[in-house]
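Examining the three-dimensional arrangement
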Amino acid sequence: LFLAAITQVLVPRYIGAMLDSLAKYAADTTDDDDKKDFNIWNVPGFVTNMKLLILCSILGGLFAGVRGSIFTLIGGRVNIRLRVILMDSLLSQDIGFFDITKTGDLSSRLSSDTTLVGDQVTLNVNVFLRSLVQALGVLIFMTILSWQLTLLAFISVPAITMLSRWYGNFIRSMTKLMQKKLADGNSISEAAMSSMPTVRALGAEKTEMDEFASKMDEYLSLKTRGAWAYLGYATAVTSLPQLVTAVVLFYGGLLVMSDDDPMTSGQLVSFLLYLSSL
């Protein structure tokens, strides 16, 4: 994970260095004959940075693949461990526990809930560690390139942080409720199917179906609320960084053209690439 983040952080740096070498060569070459005999392989620093870029790209992909494979294996082990622990706990319960607990609830916890918990834990750990290491590396390189642009780039962070916090809490509560509705639906369906002769004898098919459909409607209603919340959240967190990029590009252009605080065009491109990776 650490090596994948580092190699990916170095990619924008080498891209900017390649652009700077081309720009410097073009500025130093004023003779028309030299321009006609232009050979990109003779540009100082271009080939070296290109080789480093290719190396970082290959190693970054390799390390990312190893990281994903390890977390996939860990996810499977966590999933199995959760199921084994839960099954062991269920088998140790007294008979009264099974008299007051629906079979559908238990099967739902043992199947879908353990999978959901295991996948979310491993996914969140993977994303958190990867993002943390990569963000620290990106911030260091951004600050080295231009501390002014770095401060300007983070004007949207407080708003996005608050929105993400609210959306995370909302989705967490919605997920619990949706899992509860699915478990209720499973309980109804299993109870009906396990006592089908009684249901048929009493003519209760429509009653059972209506009760099951009501739970599914409640689940769909929660899904709809989550979709509307995602609409607002995605709109904000997608548009704000793009607006910040426009502001950074405008101010960065002023720095490139300024003699007091020189910044090369390649460095500006590298900064924008770093910004887009956050």
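Refer to the structure above for everything that follows.
First, a word on what this report is: a plain description of the structure on this page. Because the structure is predicted, anything quoted here is derived from the model rather than measured.

Examined against the element boundaries, Ser270 turns out to sit in helix 10 (residues 265-277). For Ser270, a relative accessible area of 3% puts it in the buried group. Discounting residues that sit within four places of it in the chain, Ser270 has contacts with Pro12, Arg13, Gly16 and Leu145.

Let's shift gears to the packing of aromatic side chains. By the definition in use, this model includes five aromatic pairs. An angle of 15° between the planes, with centres 5.5 Å apart, marks the rings of Trp166 and Phe170 as stacked. Taken together, the residues Trp166 and Phe170, both in helix 7 (residues 157-194) and four residues apart, mark about one turn of the helix. Accessibility expressed as a relative area gives 46% for Trp166, which makes it partly exposed. The interplanar angle of 5° and the centroid separation of 4.3 Å between the aromatic rings of Tyr167 and Tyr233 together place this pair among those described as stacked. Here Tyr233 lies in helix 9 (residues 205-257) and Tyr167 lies in helix 7, a separation of 66 residues in the sequence. Of the two residues examined, Tyr167 and Tyr233, each falls in the buried class. An aromatic cluster of at least three residues, connected via ring pairs, comprises Tyr167, Tyr230 and Tyr233.

Met142, Leu149, Ala153, Val248, Met263 and Phe271 are the most contacted members of the largest nonpolar core, which totals 14 residues. Among the elements of the structure, helix 5 (103-145), helix 6 (147-153), helix 9 and helix 10 are those that each provide at least two residues to this core. When residues of this core are assigned to their parent elements, the largest contribution, five residues, is made by helix 10. With residues near it in sequence (within four places) discarded, Val248 still touches Leu149, Leu152, Ala153, Phe271, Leu272 and Leu275.

So, about the environment of Asp88. Mapped onto the secondary structure, Asp88 falls in helix 3 (residues 46-91). Exposure remark for Asp88: the relative accessible area of 54% places this residue in the exposed category. Through-space distance from the C-alpha of Asp88 to that of Thr103 is 16 Å; in sequence the pair is 15 residues apart.

Between the first and last C-alpha of helix 5 there are 61 Å, a value that for 43 residues agrees with the 63 Å anticipated at 1.5 Å per step. Where helix 5 bends most, at Arg109, the angle is about 40°.

Definitions and limits used
Residues numbered from 1 in each chain as written. Predicted model: local features only at pLDDT ≥ 70, side-chain atom pairs only at ≥ 80, totals over all residues. Heavy atoms only, no water. Helix = DSSP H or I, 4+ residues; strand = E, 2+ residues; numbered from the N terminus. Buried < 20%, exposed > 50% of the residue type's maximum accessible area, 1.4 Å probe, protein only. Contact = heavy atoms within 4.5 Å. Phe/Tyr/Trp six-rings, centres within 6.5 Å; stacked < 30°, edge-to-face > 60°. Core = buried A, V, L, I, M, F, W, Y, C linked by side-chain atoms within 4.5 Å. Expected span 1.5 Å × (residues − 1). Bend = angle between axes of the 7 residues up to and from the residue.

Any link to function would need more than the numbers given here.
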